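If you want the building blocks of each chain, they are given just below.
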Amino acid sequence: MSKLAIKVEGLYKQYRLGLVGTGTLAQDLNRWWHMARGKEDPYELVTESNDRTSDGGSDYVWALQDINFEVQKGEVLGVIGKNGAGKSTLLKVLSKVTGPSKGSVKVNGRVASLLEVGTGFHPELTGRENIYLNGAILGMTRGEIKRKFDEIVDFSGVQKYIDTPVKRYSSGMYVRLAFAVAAHLEPEILIVDEVLAVGDAEFQKKCIGKMKDVSTNEGRTILFVSHNMDAISRLCTRSIYMKQGQVISAGTTDEIIQQYIGAETTITSNIAYENLVTAPGNEQVKLLKVEMVDGYYTNKLNFKIDEQVGVKFTFQVLRETDDLVCGFNLYNQLDVHILSSHDILNKGKKYKPGIYISTVWMPQNFLTEGLHYCGVAAMSYKPFTVHFHDVGRIGFNIADKQSGETVRGDYTGVFPGVVRPKLNWDIIKEEND
Amino acid sequence: MIEKQDWTEVISPKRSLFDVKLHELWHYRDLIVLFVKRDFVSIYKQTILGPLWLFIQPLFTTITFVLIFNRIARLSTDGIPPILFYMSGITMWTYFADCLTKTSNTFTSNAGIFGKVYFPRLVTPISIIISNLIKFGIQFLLLLIAYSYFVFNKEFEPVFSVWLLLIPVVILLMALLGLGLGIIFSSFTTKYRDMAFLLQFGVQLLMYGSAVIYPLSSTSGVIFNILKYNPVAILIETFKFSLLGVGYFSFASLSYVIVFCVILLVVGVLIFNKVEKTFMDTV
């Protein structure tokens with residue numbers, strides 16, 4: 001049995017809303033008075049959960065509520081959730097920046113947290129001085145920094161400016177230097193919050209690459225918060241999903257991402273229109289059902305990049321139609337229209353009244369990672385009529401599990417492009433004699 | 001089957017009041033050194049005179065004091081050349097006042113760092129005390145230069161006695177006093193900024209009650225009885241006594257200051273330790 005690195009038990013964190021003023025003093029005195037008489041803290045009784053959109057009227061709020069989870073040694077745990085779900089608060093408590101209100105966190109090993117890059121950088125000091133300062137703030141000793149100094153400077157790529165005050169640095173150089181220090185930390189447990197959000201693609205690539213390196217090769221435990229599902233699914237084996245200060249679920253990253261996308265977006269992987277009157281369509285053709293399916297016709301939301309994705313939709317022809325054509329549009333997360341497809345080959349086919357099932361297949365190793373949205377349609381040419389075009393409700397997610405067989409190979413960084421077909425490469429050596 | 005698990009650390013809200021992790025400070029000793037270096041280096045970057053400014057400040061304050069309190073107000077200086085008298089008072093007082101005011105906003109001025117990374121928070125006030133000690137050392141050098149000048153010109157008869165050994169003790173006590181008071185104030189200012197205002201003018205007023213501009217021997221009656229319980233006044237008088245040979249000194253009062261400092265420091269560390277856990281939520 002492997003050992004635990006972190007064990008969180010019944011963790012709560014309470015925050016006070018509003019301003020600190022004379023009211024605070026009164027509450028402090030009241031709290032103290034209750035404590036002095038051995039009674040419970042009157043303000044801990046508030047059980048309001050953290051939903052920032054509705055005002056519950058109380059001055060106190062639970063940013064974390066009854067959090068329980070464990071992290072095995074050497075595991076990379078992803079923390080997923082919307083803004084305000086309590087992810088950062090959780091990391092703050094774990095990295096001892098702020099204390100919990102109730103519950104406990106047990107840690108085995110040296111913890112370093114990376115909630116921000118460049119914490120404590122002083123603008124007047126040179127790059128060299130800041131490496132030492134920042135390293136020490138992150139918990140390294142002088143000797144450790146000295147040993148790794150050259151490596152850090154190398155990694156940052158700012159050799160030329162190392163004896164210039166960092167206030168003269170470009171923001172990019174600043175971040176590179178800061179991350180270089182952080183990347184060379186050697187804690188047993190590393191806590192990382194969304195630092196990948198800053199910096200250019202190259203920097204993000206380095207970040208993810210370095211983290212993956214550290215966890216797989218050096219067996220260190222990492223806790224990783226990000227809104228970037230691709231990064232999470234590449235890096236983390238297990239994840240927890242947080243919502244309104246609570247852990248909704250924990251499990252393999254696949255399951256959790258699927259659940260998160262299912263819960264936090266309006267996209268689903270199957271829709272059934274039960275009422276024929278309100279279903280999309282006209283008096284000729286009505287859409288009944290749309291599902292995302294894999295090669296076994298199993299409905300699912302999360303697809304691997306190397307499996308085929310089918311859009312199966314069921315429609316009912318109410319009146320005989322001469323030249324019905326089915327159509328399909330595909331969009332990505334950024335609303336880029338990736339492709340459009342129609343069953344042109346069947347053009348002119350006569351459809352008798354009845355229920356039809358149409359499935360369109362996108363091949364494996366063709367789409368790129370991330371959320372995709374579909375539109376399904378049926379139309380006629382003579383006269384041109386769109387019977388239904390149901391768009392934006394149905395979708396699916398694609399993840400690259402880094403099997404090594406995909407286009408990505410072992411590369412962990414940002415992979416550009418709206419599609420990622422597996423193309424053939426012919427490379428031959430030119431023989432000059 | 002549950003394997004027995006060893007935890008290196010447990011984070012929970014109700015740590016006992018006396019659960020102070022001083023050993024952590026030792027692990028972060030390099031950070032203290034680097035903070036001291038940062039404070040010292042960063043202040044004088046892009047200045048032409050650099051650390052020479054440390055001379056200018058006490059020099060001009062001394063000249064002002066000589067003009068106002070000695071020439072105009074005709075206050076006694078216990079028979080010591082006024083420049084030496086005021087400069088030794090000012091040097092000691094500045095050290096105390098700087099330690100106190102700089103440490104008193106530990107939490108508010110470092111909220112940025114404290115909010116992002118954990119290290120023992122006491123590192124910050126301790127590094128402030130040390131960097132001020134360096135500053136004090138430089139100003140003490142100035143005092144010694146003035147001292148030698150007066151001795152050389154036969155305007156002052158030096159007294160080299162065993163009491164000179166008291167000087168490091170006085171400096172240490174002054175540092176602890178500034179640190180203790182400073183961290184207590186810093187703990188309260190996180191939530192209530194009122195304390196910052198109180199401190200600001202409190203320090204100004206305290207100087208007049210700390211035997212900086214007059215010798216304790218020139219006071220009497222009620223005033224003397226009050227002032228002899230002011231640890232800062234006692235330390236400044238003891239300093240003058242050991243360096244210049246004139247001043248109020250007794251083992252009883254020095255012991256009183258030692259006890260005072262130790263209690264203040266223990267209370268300060270306990271309060272600081274309690275506040276540091278949750279200050280991010282209130283700062």
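What you see is a predicted model, and the numbers here were worked out from it, not measured in a lab.

Undergrad: So what's going on with the overall build of chain A? Residues and values would help.
TA: Scanning chain A from N- to C-terminus turns up eight helices and 18 strands. A total of 433 residues make up chain A; the buried ones form 38% of that total. Counting contacts in chain A only where the partners sit at least 6 residues apart, residues at least 24 apart contribute 70% of the total.

Undergrad: Please give an account of the sheet that holds strand S15 (residues 337–342) of chain A that cites residues and values.
TA: Residues and elements named next belong to chain A. The strand order S12-S18-S17-S14-S15 describes an open sheet built from five strands, whose pairing is mixed. At either end of the open sheet lies a strand with only one pairing partner, and these are strand S12 (302–304) and S15. In this sheet, neighbouring strand axes are inclined to one another by 30° on average, regardless of whether the strands run parallel or antiparallel. One ladder, built from 11 bridges, connects strand S17 (residues 370–380) with strand S18 (residues 385–399); its direction is antiparallel. The residue bridging histidine 372 from the neighbouring strand is phenylalanine 396, located in S18. The strands touched by helix H8 (residues 253–264) are S12, S17 and S18; relative to S12, the strand with the most contacts, the crossing angle is about 135°.

Undergrad: Report on the nonpolar core, specifying residues and quantitative values.
TA: Core analysis: the biggest nonpolar cluster contains 167 residues, and Leu223(A), Phe224(A), Phe96(B) and Leu235(B) have the highest contact counts within it. Ranked by the residues each element gives to this core, the list is headed by helix H4 (residues 82–104) of chain B, at 13 residues.

Undergrad: Hey, could you go over the packing of helix H3 (residues 53–72) of chain B against helix H7 (residues 123–152) of chain B for me, with residue numbers and the actual values?
TA: Residue and element names in this part refer to chain B. Two elements in contact, H3 and H7, have axes whose closest approach is 9 Å; the angle formed by their N-to-C orientations is 60°. Taken together, the axis directions place H3 and H7 in an arrangement best described as oblique. Seen from above, H3 lies across H7 with right-handed handedness. Contacts between H3 and H7 involve Leu54, Phe55, Pro58 and Leu59 from the first element and Lys135, Ile138, Gln139 and Leu142 from the second. Taken together, the residues of the contact of H3 with H7 break down into six nonpolar, one polar and one charged.

Undergrad: I'd love a proper account of the interface of chain A and chain B, names of residues and values included.
TA: Residue-level contacts link 37 residues of chain A with 30 residues of chain B. Of all the secondary structure elements, the ones that give two or more residues to the side of chain A that touches chain B are strand S1 (4–16), strand S4 (102–107) and helix H3 (127–137) of chain A. At five residues, S4(A) tops the list of elements feeding residues into the side of chain A that touches chain B. The residue makeup of the side of chain A that touches chain B, split by class, is 16 nonpolar, 14 polar and seven charged.

Undergrad: Let's hear about the sheet that holds strand S11 (residues 285–293) of chain A: which residues, and what values?
TA: Residue and element names in this part refer to chain A. Spatially, four strands are ordered S10-S11-S13-S16 in an open sheet, and the strand pairing comes out antiparallel. For this open sheet the edge positions go to strand S10 (270–272) and strand S16 (354–362), each flanked by a neighbour on one side alone. Sheet twist, expressed as the mean angle between neighbouring strand axes with direction ignored, is 20°. Inspection of the sheet shows S11 paired to strand S13 (residues 309–317) by eight bridges, in the antiparallel sense. Within S13, the residue paired with lysine 286 across the bridge is glutamine 316.

Undergrad: Explain the domain arrangement of chain A residue by residue, including any values.
TA: Residues and elements named next belong to chain A. According to the domain assignment, chain A contains domain 1 (4–110 + 187–262) and domain 2 (270–399). Taken residue by residue, the interface counts seven residues in domain 1 and seven residues in domain 2. Sorting the residues of the side of domain 1 that touches domain 2 by element identifies helix H7 (229–235) and H8 as the ones contributing at least two each. In terms of residues, the side of domain 1 that touches domain 2 owes the most to one element, H8, which gives five residues.

Undergrad: How would you sum up H7(B)? Please name residues and give values.
TA: The terminal C-alpha atoms of H7(B), which comprises 30 residues, lie 43 Å apart, in line with the 44 Å expected from a rise of 1.5 Å per residue. A positive backbone phi angle near 60° is found at Lys154(B), which sits one or two residues after H7(B).

Undergrad: Quick one: what's the story with unusual backbone geometry, residue by residue and with numbers?
TA: Residues and elements named next belong to chain A. Not every positive phi belongs to a glycine, and lysine 96 is a case in point at roughly 65°. Assignment of secondary structure puts lysine 96 in the loop between helix H2 (87–94) and S4. The backbone of glutamine 244 sits at a positive phi, close to 45°, despite the residue not being glycine. One can find glutamine 244 in the loop between strand S8 (238–243) and strand S9 (246–252).

Undergrad: Residues and numbers for the pairing of strand S6 (residues 189–193) of chain A, please.
TA: Residues and elements named next belong to chain A. Counting buried positions along S6 gives five out of five residues, so the element sits mostly inside the fold. Side chains Ile189, Ile191 and Asp193 of S6 all project onto a buried face; the interleaved residues Leu190 and Val192 project onto the opposite face, where all are buried too. Relative to S6, strand S5 (residues 111–114) is paired through four bridges, and the arrangement is parallel. Following the sheet pairing, alanine 112 is matched in S6 by leucine 190. One ladder, built from five bridges, connects S6 with strand S7 (residues 221–225); its direction is parallel. The residue bridging isoleucine 191 from the neighbouring strand is leucine 223, located in S7.

Thresholds applied
- Residues numbered from 1 in each chain as written.
- Chains lettered and ligands numbered in written order.
- Predicted model: local features only at pLDDT ≥ 70, side-chain atom pairs only at ≥ 80, totals over all residues.
- Helix = DSSP H or I, 4+ residues; strand = E, 2+ residues; numbered from the N terminus.
- Buried ≥ 20, exposed ≤ 12 C-beta atoms within 10 Å, placed from the backbone.
- Contact = placed C-beta atoms within 7 Å.
- Pairing = 2+ DSSP bridges.
- Axes fitted to C-alpha atoms, helices over the stretch in contact; angles between N-to-C directions.
- Core = buried A, V, L, I, M, F, W, Y, C linked by C-beta atoms within 7 Å.
- Parallel < 35°, antiparallel > 145°, perpendicular 65-115°, else oblique.
- Left-handed = near helix turned anticlockwise from the far one by under 90°.
- Nonpolar A, V, L, I, M, F, W, Y, C, P; charged D, E, K, R; others polar.
- Domains from an automatic or database assignment.
- Expected span 1.5 Å × (residues − 1).

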